[in-house]
Amino acid sequence: MLFATIAAQSIEYYDFLIYGTAASLIFSTQFFPAANPVAGILASFATFAVGFAGRPLGAAVFGHFGDKFGRKPALLVAMMLMAVSSMLIGLLPTYATVGVVAPVLLVILRLAQGISVGGHFGGATLMSLENAPPNRRGLFGALPQLGVVVGMLSGTLIFLLISNITTPEQFGSWGWRIPFLLSFVMFPVAYFVHRYVEDTPEFRRADETLAERKRSKPRSSVIQVLRNPKQVLLVAFTFIPATISFYIIVTGMLHYATSDLGISRNTMLTVVMLSMIAFAVGTIGFAFLSDVVGRRAVYAGGAVFAGAWSFALFPLMETGSFPLMLLAASVGQLAVGAMFGPGTALFAEAFPPSVRYSGASIGNQLANILGAGFAPFIMVTLLAATHTSVSVSLYMVAGSLVSLIAISMLRVPTGKPVAAS
């Protein structure tokens, strides 16, 4: 079961994150060539943000079906949607071939990617967390997040490989398409999940309870969650700094370093790739710690750490020294891991099993719209307007402050799962 959820998460985030790399390196010229350089990259990052706009929709749709019919079938459909939409991006004609139709199709497929990730998050994490021993829910909930690392490393390695074996002209013409076309590997993983993985015991118990109440015609889990949205909004605001920091490091910084600082594409891809090791260590280590000392304290520490480190992140990157740039990204990703690690269980435990898929997914994906989706766009805008990276650091600090206020108000029994209701 753990292998299946990690593998599914790996391919899902491989697909979603290679778009961010392509948006930083190639889409501004292939799909928005009429714009000036700054406007072109902003347009490219705007399509990147569209994917995050689709995530709450995916969370709502798949959350409803995941709470009603099971985590497993919802997860399978989300996986298939991601595989198909990503492969189609790899086959898209460019602006030079079909004009404005190209960016329109790109936006539609990016939206489909976002819907898929919004639905996938709840399925993969709950399949793991709801099978966990009560005293290891933080660790088990974080294990699927290793899929983010594996997916990111795989995507970066493939981009590095293609970049090294092609000329710049070949990379711009067809090389960038290969990572998207490789999404076909999702199909055998989906078959494995369908054939060998069962749904979670907690869902089955909640399903039996709902069956006993069938005559009362209970509302959709999405409606139940949104009827009192405070908890969902608190989850979203709590998660904001993790999403901002992560996507500034893996996407925004990639463009900043290559375009503004003159650092080579391969160097920055290597920095981003190696920094994911720190993310993995932080995610698992701090998730384990949250089972011991409590999720709230560990998560709050990560939010403070991320805000403080933002003032070192840019100066170290601006040195152009590979070791210092790697230090900057790795420590930043360690702080992100301190939030991602305990965050999965923290947010799941904020909702009872009967509405957990919907509640945790919608809250998580709202954070990705408010934080991750606009982070690279806001970063480029702030740098262009202020000509100093301090403005971006202040933006990251603001996200951390919002998170600290929200987590202090989040109704979660520290380190203990919420009883089914």
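Report follows, based on the coordinates.

Thresholds applied
Residues numbered from 1 in each chain as written. Predicted model: local features only at pLDDT ≥ 70, side-chain atom pairs only at ≥ 80, totals over all residues. Heavy atoms only, no water. Helix = DSSP H or I, 4+ residues; strand = E, 2+ residues; numbered from the N terminus. Buried < 20%, exposed > 50% of the residue type's maximum accessible area, 1.4 Å probe, protein only. Areas by Shrake-Rupley, 256 points an atom, 1.4 Å probe, with all protein chains shown as cover. Contact = heavy atoms within 4.5 Å. 1 Å grid on protein atoms, 1.4 Å probe; cavity = no way out; pocket = protein on both sides within 12 Å on 5 of 7 lines; lining within 4 Å. Points joined across faces, edges and corners; volume = space filled by probe spheres on them. Nonpolar A, V, L, I, M, F, W, Y, C, P; charged D, E, K, R; others polar. Salt bridge = Lys/Arg side-chain N within 4 Å of Asp/Glu carboxyl O. Axes fitted to C-alpha atoms, helices over the stretch in contact; angles between N-to-C directions. Parallel < 35°, antiparallel > 145°, perpendicular 65-115°, else oblique. Left-handed = near helix turned anticlockwise from the far one by under 90°. Core = buried A, V, L, I, M, F, W, Y, C linked by side-chain atoms within 4.5 Å. Phe/Tyr/Trp six-rings, centres within 6.5 Å; stacked < 30°, edge-to-face > 60°. Expected span 1.5 Å × (residues − 1).

**Things to note about the overall build of the chain**
- The helix and strand tally for the chain stands at 20 helices and zero strands.
- In the chain, which comprises 421 residues, the proportion classed as buried is 59%.
- Just so you have it, the chain exposes about 15500 Å², and 71% of that area is on carbon and sulfur atoms.

**Points about the side chain of Ser 358**
- Along the chain, Ser 358 falls in helix α18 (residues 356-373).
- Setting aside anything within four residues of it in sequence, one finds Ser 358 in contact with Gly 63, His 64, Asp 67, Ser 221, Val 222 and Val 225.

**Remarks on unusual backbone geometry**
- Phi at His 387 takes a positive value of approximately 60°, unusual for a residue other than glycine.
- Of note, His 387 is situated in the loop between α19 (375-386) and α20 (390-409).
- Under the relative-accessibility criterion, His 387 is labelled exposed at 70%.

**Here we look at empty space enclosed by the protein**
- On inspection of all chains with the given rule, the structure shows three cavities of 30 Å³ or more.
- What lines the second largest cavity is simply Ser 245, Ile 249, Ala 306, Trp 309, Ser 310, Leu 313, Gly 332, Ala 335, Val 336 and Met 396.
- Elements with a contribution of two residues or more to the lining of the second largest cavity: α14 (230-260), α16 (295-317) and α17 (322-348).
- Counting residues per element, the lining of the second largest cavity draws most heavily on α16, which supplies four residues.
- For the lining of the second largest cavity, the class distribution of residues is seven nonpolar, three polar and no charged.

**A word on the pattern of salt bridges**
- For the structure on display, the rule yields two salt bridges.
- We note a salt bridge from Arg 295 to Asp 291, for which the minimum N-O separation is 3.0 Å.
- Assessed through its relative accessible area of 17%, Asp 291 is described here as buried.
- Judged by its relative accessible area of 1%, Arg 295 falls in the buried class.
- One continuous salt-bridge network, built from bridges that share partners, spans Asp 291, Arg 295 and Glu 349.

**Observations regarding the environment of Gln 224**
- When you line up the elements, Gln 224 lands in helix α13 (residues 221-227).
- Overall, the relative accessible area of 39% leaves Gln 224 in the partly exposed class.
- Taking the C-alpha atoms as reference points, Gln 224 and Val 355, 131 residues apart in sequence, are found 7.5 Å from one another.

**Considerations on the packing of α14 against α17**
- Contact pair α14 / α17: the axes reach a minimum separation of 9 Å and the direction vectors enclose 150°. Our classification of the angle between α14 and α17 gives roughly antiparallel. The hand of the α14/α17 crossing is left-handed. The residues of α17 that touch α14, namely those facing Val 235, Thr 238, Phe 239, Pro 241, Ala 242, Ser 245, Phe 246, Ile 249 and Val 250, are Ala 329, Gly 332, Gln 333, Val 336, Met 339, Phe 340, Leu 346 and Phe 347.

**Details of the nonpolar core**
- Residues Phe 27, Phe 246, Ile 248, Met 253, Met 268, Leu 313 and Phe 314 are the most contacted members of the largest nonpolar core, which totals 93 residues.
- The element contributing the most residues to this core is α14, with 17 residues.
- Met 79, Val 117, Ala 190 and Val 193 belong to the second largest nonpolar core, which has 13 residues in total.

**Some words on the packing of aromatic side chains**
- Following the criterion strictly, the structure yields 14 aromatic pairs and no others.
- Here Phe 27 and Trp 176 contribute two aromatic rings whose centre-to-centre distance is 5.4 Å and whose plane-to-plane angle is 90°, an arrangement assigned as edge-to-face. In this pair, Phe 27 sits in helix α2 (residues 27-30) while Trp 176 sits in the loop between α9 (168-173) and α10 (178-181), placing the two residues 149 residues apart along the sequence. For the pair shown, Phe 27 and Trp 176 are each scored as buried.
- Each ring, one from Phe 239 and one from Phe 347, has its centre 5.5 Å from the other, and the planes form 75°; the classification is edge-to-face.

**Examining helix α15 (residues 265-293)**
- Taking 1.5 Å per residue as the helical rise, α15 with its 29 residues ought to reach 42 Å, and the 41 Å between its terminal C-alpha atoms agrees with that figure.
- Gly 294, located one to two residues past α15, shows a positive phi value of around 110°.

**As for α20**
- The first and last C-alpha atoms of α20 sit 29 Å apart over 20 residues, in line with the 28 Å expected at 1.5 Å per residue.
- Those residues of α20 lying buried are Ser 391, Val 392, Ser 393, Tyr 395, Met 396, Gly 399, Ser 400, Ser 403, Ala 406 and Ile 407.
- Along its buried surface, α20 packs onto α14, α16, α17, α18 and α19.

**Digging into the packing of α16 against α20**
- Viewed as axis vectors pointing N to C, α16 and α20 meet at an angle of 170°, and their least axial separation amounts to 8 Å. Between α16 and α20, the angle falls in the class roughly antiparallel. Across the interface between the two elements, Arg 296, Tyr 299, Ala 300, Ala 303, Val 304, Ala 306, Gly 307, Ser 310, Phe 311, Leu 313 and Phe 314 from α16 touch Val 390, Val 392, Ser 393, Leu 394, Met 396, Val 397, Ser 400, Ser 403, Leu 404, Ile 407 and Ser 408 from α20.
- Along the lines of polarity and charge, the residues of the contact of α16 with α20 split into 15 nonpolar, six polar and one charged.

Geometric values such as these leave the question of function open.
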